[in-house]
Amino acid sequence: MRRALRCLLLVITTHTARGAVALITGANGGIGAELVVQFARAGYDVVAACRSRSAHVHQLVSKASVANRVKVLLGLDVTSPEKVNAFVDGLKRQRTAVDVLVHAAGVATWQLSSVVYPGTTEPMTLGSLDYGLVARAFEINAVGPLRLTEACLKEGLLGTGAKIAFVSSKLGSVASNTRLGANYAYRMSKSALNAAGRSLAVDLRPKGMSVVLLHPGYVATPMTGDRGDVVATVSAAGLFRRIAALNASASGSFIDYDGRQVPW
Ligand SMILES: *[C@@H]1O[C@H](CO)[C@@H](O)[C@H](O)[C@H]1NC(C)=O
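Since this is a predicted model, take the numbers as computed values, not measurements. (Residues numbered from 1 in each chain as written. Predicted model: local features only at pLDDT ≥ 70, side-chain atom pairs only at ≥ 80, totals over all residues.)

Caption draft 1: Quick peek at the overall build of the chain. Each helix and strand in the chain was counted, giving eight helices and nine strands. Taking 18 Å as the expected radius of gyration for a compact globule of 264 residues, we find that the chain reaches 19 Å, a close match to that expectation. Projected onto its principal axes, the C-alpha coordinates of the chain cover approximately 80 × 35 × 35 Å. Across the 264 residues of the chain, 44% fall into the buried class. (Helix = DSSP H or I, 4+ residues; strand = E, 2+ residues; numbered from the N terminus. Rg over C-alpha atoms; globule rule 2.2 N^0.38 Å. Buried ≥ 20, exposed ≤ 12 C-beta atoms within 10 Å, placed from the backbone.)

Caption draft 2: Layout of the confidence of the model for the chain. Across the chain, pLDDT averages 91, with 92% of residues at or above 70. Note that residues 9-16 has pLDDT below 50 and, in this model, zero contacts with residues that lie over four places away or in other chains. (pLDDT = per-residue confidence, 0-100. Contact = placed C-beta atoms within 7 Å.)

Caption draft 3: A look at the site of the ligand. In the vicinity of the ligand, the contacting residues are Ala245, Asn247, Ser249 and Ala250. In terms of residue class, the shell around the ligand is built from two nonpolar, two polar and no charged. (Near = placed C-beta within 6 Å. Nonpolar A, V, L, I, M, F, W, Y, C, P; charged D, E, K, R; others polar.)

Caption draft 4: Geometry of the packing of helix H4 (residues 81-93) against helix H6 (residues 131-154). Where H4 contacts H6, the two axes come as close as 10 Å, and the packing angle between them is 35°. The handedness of the crossing between H4 and H6 comes out as right-handed. Residue-level contacts link Pro81, Val84, Asn85 and Val88 of H4 to Arg147, Leu148, Ala151 and Cys152 of H6. Looking at the contact of H4 with H6, its residues break down into six nonpolar, one polar and one charged. (Axes fitted to C-alpha atoms, helices over the stretch in contact; angles between N-to-C directions. Left-handed = near helix turned anticlockwise from the far one by under 90°.)

Caption draft 5: Fine view of the sheet that holds strand S1 (residues 21-25). One open sheet holds the seven strands; their spatial order is S3-S2-S1-S4-S5-S6-S9, and the pairing between them is parallel. Two strands lie at the open edges of the sheet, namely strand S3 (70-73) and strand S9 (253-256), each paired on one side alone. For this sheet the average axis-to-axis angle between neighbouring strands, irrespective of direction, equals 20°. By the bridge criterion, four bridges tie S1 to strand S4 (residues 98-103) in an arrangement that is parallel. Within S4, the residue paired with Thr25 across the bridge is His103. Helix H2 (residues 30-41) contacts S1, strand S2 (45-49), S3, S4 and strand S5 (158-167) of the sheet and is inclined by roughly 175° relative to S1. (Pairing = 2+ DSSP bridges.)

Caption draft 6: Just the nonpolar core, in detail. Ile24, Leu35, Val36, Val46 and Ala48 are the most contacted members of the largest nonpolar core, which totals 77 residues. At eight residues, H6 tops the list of elements feeding residues into this core. For Ile24, the contacting residues outside a window of four places in its chain are Gly32, Leu35, Val36, Phe39, Val46, Ala48, Ala49, Val102 and Ala104. (Core = buried A, V, L, I, M, F, W, Y, C linked by C-beta atoms within 7 Å.)

Here it is as structure tokens:
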């Protein structure tokens, strides 16, 4: 009798145990879409959040035969408080608990400037800096990820044991910036993102949440004009391993996709 009861309980617990959920922003981007595939393959239920387009991520997940694990949501513009709140409210209504939050949404300066200055590849150099674009890069790369994280925390979507990963960049490393300089808007925005990530690591430690800042490598994506020294699949596979291995003692670190420390 006891045994039968235990079996029944086991069946019920197994049945109601939910799969782990990963929320990934910038899911239609070069790295974001590959991260969606990585997490889905590892058995996560993935919420793939995109701003306005999702053709690329749809294509990748169907090619990888993981579409059944992926829910693509459009309309997450991290620069809009209203859109962030609406998005987080939607997840809350569906009782989505997020185990891993990966911020892969971001912009390169040339993507912003090529819209304002068509035909020019790099107007954002010293002597011709457009401070509207500097602010915009800051909004997208630094403020947006913090805003979304805070909204998820406030609405209780992230609980004990949750992991938060920010796709940062070595270009945000102040210590490494000794030779090439330039890239003001991008560097500043990623340094600011790193600062936010460090504060979150400290603030969330007592709550049992871990934070990591990641350098994906110089990844050949549409963002880099397809130049780079690592392809998105390899970078995303490495980033996935780093996030999977993240624990409390490593929280607050800045590492690349291969697990090497990046100087601040
Ligand atoms: C935490 O992660 C770090 C880095 O991956 C690893 O060296 C360390 O052994 C891990 N600690 C525990 C307790 O698992």
